[in-house]
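Chain by chain, the residues run as shown.
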Amino acid sequence: MPLNRPVPTKLSPPTSSQGEVLRAEVLQQISEVERLQVVVLSAPAGFGKTTAMSQLHAQLAAAGRKTAWVTLDRGDNDTTRFLACLSSALDVMTGSSPSGATDYSPTRPLTAVRMAADIMHRVAALSDPCCLFLDDFECLTEQSVIQLVRELIHHLPRSALLVMASRSLPEIGLGRLRAMGLLAEIGPAQLRFSAEEAATFLNDRRKLQLSRQQVQVLQSRTEGWIAGMWLASSALAHRPDRAGFIQEFTGSNQLVAQYLTEDVFERLDPSIQEFLLCTCVPDEIDLPLCELLCQRSDGRQILAHLQATNLFISAMGGPSPVYRYHSLFLQFLRDKLGRDRPQELTRLHELAARCFESRGQVVSAIDHWIEAREYDQACRVLAEHAEGFLESGRMRLLARWFELLPRTSWARSDHLSLVRIWALCFTRGPWKAMEQLDGLLIGPDADCAPVRAHLLALRPTLLVMMDQVEQAYEAGLKAVREMPDSPGFAAGVLANEMAYIFRLMGDQRQSMRMLSMARDLSSSGHFHTMYSESIEGIIDLEEGRMREAASRFQIATTSDGNWGQEGAGSAWAGILHAGAHYQRNDLASAERLLQTYLPLARELGLVDHLIAGYRMLARIAAAQGHLDQAFHRLAELEQVGQQRRVARIVCGAKLERARLLLMQGNFEGARDELDRANRRDVWDRERRLRLPAHDVEYWELADLRWQIFSGRTQGIPAKLERLARQASSEKRHRRALKMNVLWCIAACRLRSSLPEMLPLMEVVLRTAHSEGLVRTLLDEGDHVAMPVGLVRQTLRARSGPSDRAFLEFLDSLCEHLGGPAVDSAEWLSPSGLDQLLEPLTPKEIKILSLLSQGYSNNVLAEKLFVSTSTVRTHLRHINSKLNVGNRTEAVAVARRLGLLKS
């Protein structure tokens, strides 16, 4: 039985009514913004957002711009359905035949991935001026769907415009759009009626013929709130004493709306009143449900009457129309029914619950059983479908239900008690869930297979999420031995977690065996698909297959289902996906993903994801020249570690702070921070385990990096060669690649055996190019410029057509690094002096002074009033005169020669 069903969504703007006032000032504000790409109309209910948007739609359509309209609802939080709506809108906008993307198939876990890729491709290919309108955007709450809107904006061509209306500010990266001048924001201040617009509405449209003073009073008392004026005009149409009514018109918006709605309601025919009260229980109604709730057969006629009289109802199109009342009116009806006839309200909730249950709309059925206070019935339906909700990742939904249900209703069921702990684990973190598990008293169902399976799978899962890997390993081995031989959510989670735990313990064979078992046990579970793809992606990444890993993280993050902001799942996959973008040097996409998923990881305390996520954010900030922001990110990470009492997080923050100081040339500060990060228990444990956050960033490597960059290079190449071979033998190829990068940098500094090192340098760079491991190189800063330059120059002398892409890659690296012009004949000779070969100019000394403060090329260009190209030229001259390979060495040599103050 399906857990939900798609509801038809209106794909055309609402038709204009005689009561509309042309919002000329609002439309003008939008048209005056240049380079516009996104328009957001954000205001509470009743401020005329849809009206203003429909007028803009008509204006643009009249000007020849292609348009499409989507009215959103809560059902669009289903990823596949939302993508189907977007696809249909694109069909309308481009005039093409339906693409077939509207085929709703919740049993196909990769449907959304293909649909999303197809839609983004179609959006990017738009060439004619066009505009997409999204109404009621506040209905979207699932992060996976909101992320799709962010991606949609990212792919918008210059000729396209996105307009959306929402009751709250949408989380679509408004800050970036504002900074780029691509956003127009229309809020309550712009949408509220002015005195002139109020007069036009009340007298010209509503035909009330009020005096100027009366209009001003109403405009002042409602503060231009359009819905309030509409409600006031409806009541005034039946009031002989208009002056008295207007004088008594006071109160907050909520009270005014309730009073006026009651006033309108009382003047309706009793049969209409009864119909409204009987049909206010569900959020949305259709004809069969109306007739069931009202126990009458004239529902079609009454619905038509309500629409004809504009009585707070709107229809969503389709062969079987679905209706919904205005939210303010709906709440009034429910309050009135509950106040006047509470037993009838309960009875209607029961009827609705049975109807939805018979239709297979399980979520609505449980909601109404809870509203009817039939908690045993709610728990009965929940118990029947709990496994399905778990496998589809509906953790927040489960957590909400358990908060509403009395403890006595679910605590009698061992199965539901364990389902609740899973929901807690993936919404409030493993520590809270472990408290509940430790205090759980299992009743007579202890030997029941599903209960036994959940009990066995929970403990190792919680322990590994709490970074207690060794304890999780012991508990997991016991669970695997005793797990009942039946498929299900618990068995799938255990298999996935044990695959991850075995990998952390270094047992690759067992890890792959458990991963295969997980796929067999949970082939149709979206939650399991996400975890399996993520774990295998971690393995691919560790073994140097970055492109395969990136593909798996993409699938895991966009996997079909409803888990997209469901806590641990989305944070787990999302931060890994951000790491793939970061490695490709797509910093903007990585930052966007991290801002979405890192707060979830922080909430749940995912240790490796927290360390990796904050580290990436700090490096992105530093690459953008925002050093204060970079240090702030690391201070946040350290604070999280102290709050959670996780020493590894604290050491991870200190380790990255040491690297940042080292890149600035602050060798003493970096050394101090390294020493503070050197906790023996933390790094001894890192040597025993294969912790993802420390695959290429751990204390021993950081110490070697410090020795190389600070000039203490003797003996280092031999250490790096040994460590690289050890990493390769353990199939930790990404770690081996990082060791080889540092080995090449050390060889260039020593200028020892450079001819013999050139083949290794080329292999390292080709590997980084083929797998997209760009940041593995760039994260070493200017120090990697010399190996890149040497390989680039020697390769140009012998390259063929097959090397063109590789040479372009090297060119882009050199451009990014602003590296020195390399004379390979000079550098490959045994000579190499560390002295001033030619006097520096005053400007070059000034540049060195700025370099010592850690400024980037862009900042240097701003301070010197020159282009970045000129800055790079100066840097090459400085490096040549000082006989060094990068800016950090230049600062160090300049200090030794007395050109800079220490």
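Residues numbered from 1 in each chain as written. Predicted model: local features only at pLDDT ≥ 70, side-chain atom pairs only at ≥ 80, totals over all residues. Heavy atoms only, no water.

K.L.:
Lay out the overall build of the chain with the relevant residues and their values.
P.N.:
The secondary structure content of the chain amounts to 48 helices and 7 strands. Looking at the chain residue by residue over its 902 residues, the buried ones come to 58%. Considering only residue pairs separated by 6 or more positions, the chain has 70% of its internal contacts joining residues 24 or more positions apart. A total of about 37200 Å² of accessible surface is found on the chain, and carbon and sulfur atoms cover 50% of it. (Helix = DSSP H or I, 4+ residues; strand = E, 2+ residues; numbered from the N terminus. Buried < 20%, exposed > 50% of the residue type's maximum accessible area, 1.4 Å probe, protein only. Contact = heavy atoms within 4.5 Å. Areas by Shrake-Rupley, 256 points an atom, 1.4 Å probe, with all protein chains shown as cover.)

K.L.:
Run through the packing of aromatic side chains, naming residues and quoting values.
P.N.:
For the coordinates displayed, the defined rule picks out 11 aromatic pairs. Considering the side-chain rings of phenylalanine 426 and tyrosine 531, the 6.5 Å spacing of their centres and the 50 degrees angle between planes classify their relative orientation as tilted. Pair noted here: phenylalanine 426 is in helix α22 (residues 414-428) and tyrosine 531 is in helix α28 (residues 526-542), with a separation of 105 residues, a long-range link. Here phenylalanine 426 matches tyrosine 531 in class, with each residue buried. On the basis of an interplanar angle of 20 degrees and a centroid distance of 6.4 Å, the ring pair of phenylalanine 806 and phenylalanine 809 is categorised as stacked. One end of the pair, phenylalanine 806, and the other, phenylalanine 809, are both in helix α43 (residues 804-817), 3 residues apart, so they sit about a helical turn from each other. The class for phenylalanine 809 is buried, based on a relative accessible area of 10%. Following the ring pairs from residue to residue traces out a cluster consisting of Trp422, Phe426, Phe489, Tyr500, Tyr531 and Trp572. One residue, arginine 671, lies across the ring of tryptophan 706, its end atom 4.8 Å from the ring centre. The ring of tyrosine 855 is capped by lysine 863, whose NZ or CZ atom sits 5.0 Å from the centre of that ring. (Phe/Tyr/Trp six-rings, centres within 6.5 Å; stacked < 30°, edge-to-face > 60°. Lys NZ or Arg CZ within 6 Å of the ring centre and 35° of its normal.)

K.L.:
I'd like a rundown of the confidence of the model for the chain, residues and numbers included.
P.N.:
For the chain, the mean per-residue pLDDT works out to 83, and 86% of the residues sit at or above 70. A low-confidence stretch, residues 1-9 stays under pLDDT 50, and its non-local contacts, those more than four residues away or across chains, total 39 contacts. Here residues 820-835 is a poorly scored stretch, pLDDT under 50, and it has 39 contacts once near neighbours within four places are set aside; other chains count. (pLDDT = per-residue confidence, 0-100.)

K.L.:
How would you summarise the environment of arginine 122 if you had to cite specific residues and measurements?
P.N.:
Positionally, arginine 122 belongs in helix α4 (residues 111-124). Remark: the alpha-carbon pair of arginine 122 and threonine 94, spanning 28 residues in sequence, is separated by 9.7 Å.

K.L.:
Provide a residue-level description of helix α18 (residues 362-371), including the pertinent values.
P.N.:
Most of α18 is tucked away: 7 of the 10 residues are buried. Among all positions in α18, only Val362, Val363, Ala365, Ile366, His368, Trp369 and Ile370 are buried. Its buried side turned inward, α18 meets α17 (342-359), α19 (375-391) and α20 (395-404). Looking one or two residues beyond α18, the residue adopting positive phi is arginine 373, at roughly 60 degrees.

K.L.:
Which residues make up the sheet that holds strand β5 (residues 183-186), and what values do they have?
P.N.:
The strand order across the open sheet formed by 5 strands is β2-β3-β4-β1-β5, and the pairing between neighbours is parallel. Each of the sheet's edge strands pairs with one partner strand only, and the pair in question is β2 (66-71) and β5. Looking at each pair of strands side by side, their axes are set apart by 15 degrees on average, direction ignored. Of the strand pairs in this sheet, strand β3 (residues 130-135) and strand β4 (residues 160-166) are connected by 5 bridges, and their pairing is parallel. What sits directly across from cysteine 131, in β4, is leucine 161. On the sheet, helix α3 (residues 79-94) packs against β2 and β3 and is oriented at approximately 155 degrees with respect to β2. Against the sheet, helix α5 (residues 143-155) makes contact with β1 (38-42), β3 and β4, and its axis sits at roughly 150 degrees relative to β4, the strand it touches most. (Pairing = 2+ DSSP bridges. Axes fitted to C-alpha atoms, helices over the stretch in contact; angles between N-to-C directions.)

K.L.:
Describe in detail α43, supporting the description with residues and values.
P.N.:
Across its 14 residues, α43 extends 20 Å between first and last C-alpha, which sits within 8% of the 20 Å expected from 1.5 Å per residue. Its buried side turned inward, α43 meets α40 (754-771), α41 (774-778) and α42 (785-796). (Expected span 1.5 Å × (residues − 1).)

K.L.:
Give a detailed account of the pairing of strand β7 (residues 322-325), specifying residues and quantitative values.
P.N.:
When a strand is regular, its side chains alternate between the sheet's two faces. Across the two faces of β7 the burial is the same, with Val322 and Arg324 and Tyr323 and Tyr325 all buried. Two elements, strand β6 (residues 313-316) and β7, share 4 bridges in a ladder whose sense is antiparallel. Bridging from a neighbouring strand, serine 314 pairs with arginine 324 of β7.

K.L.:
So, the pattern of salt bridges: which residues are in play, and what are the values?
P.N.:
Here the structure, examined in full by the defined rule, presents 64 salt bridges. As a salt-bridge pair, glutamate 656 and arginine 619 come within 2.9 Å of each other at their nearest N and O atoms. Note that glutamate 656 is positioned in helix α34 (residues 647-663) and arginine 619 in helix α32 (residues 607-623), a separation of 37 residues in sequence. The exposure classification of glutamate 656 matches that of arginine 619, with both residues buried. It is possible to trace a salt-bridge network through shared partners that takes in Arg503, Arg519, Glu533, Glu536, Asp540, Glu542, Glu543, Arg545, Glu548, Arg552 and Arg690. (Salt bridge = Lys/Arg side-chain N within 4 Å of Asp/Glu carboxyl O.)

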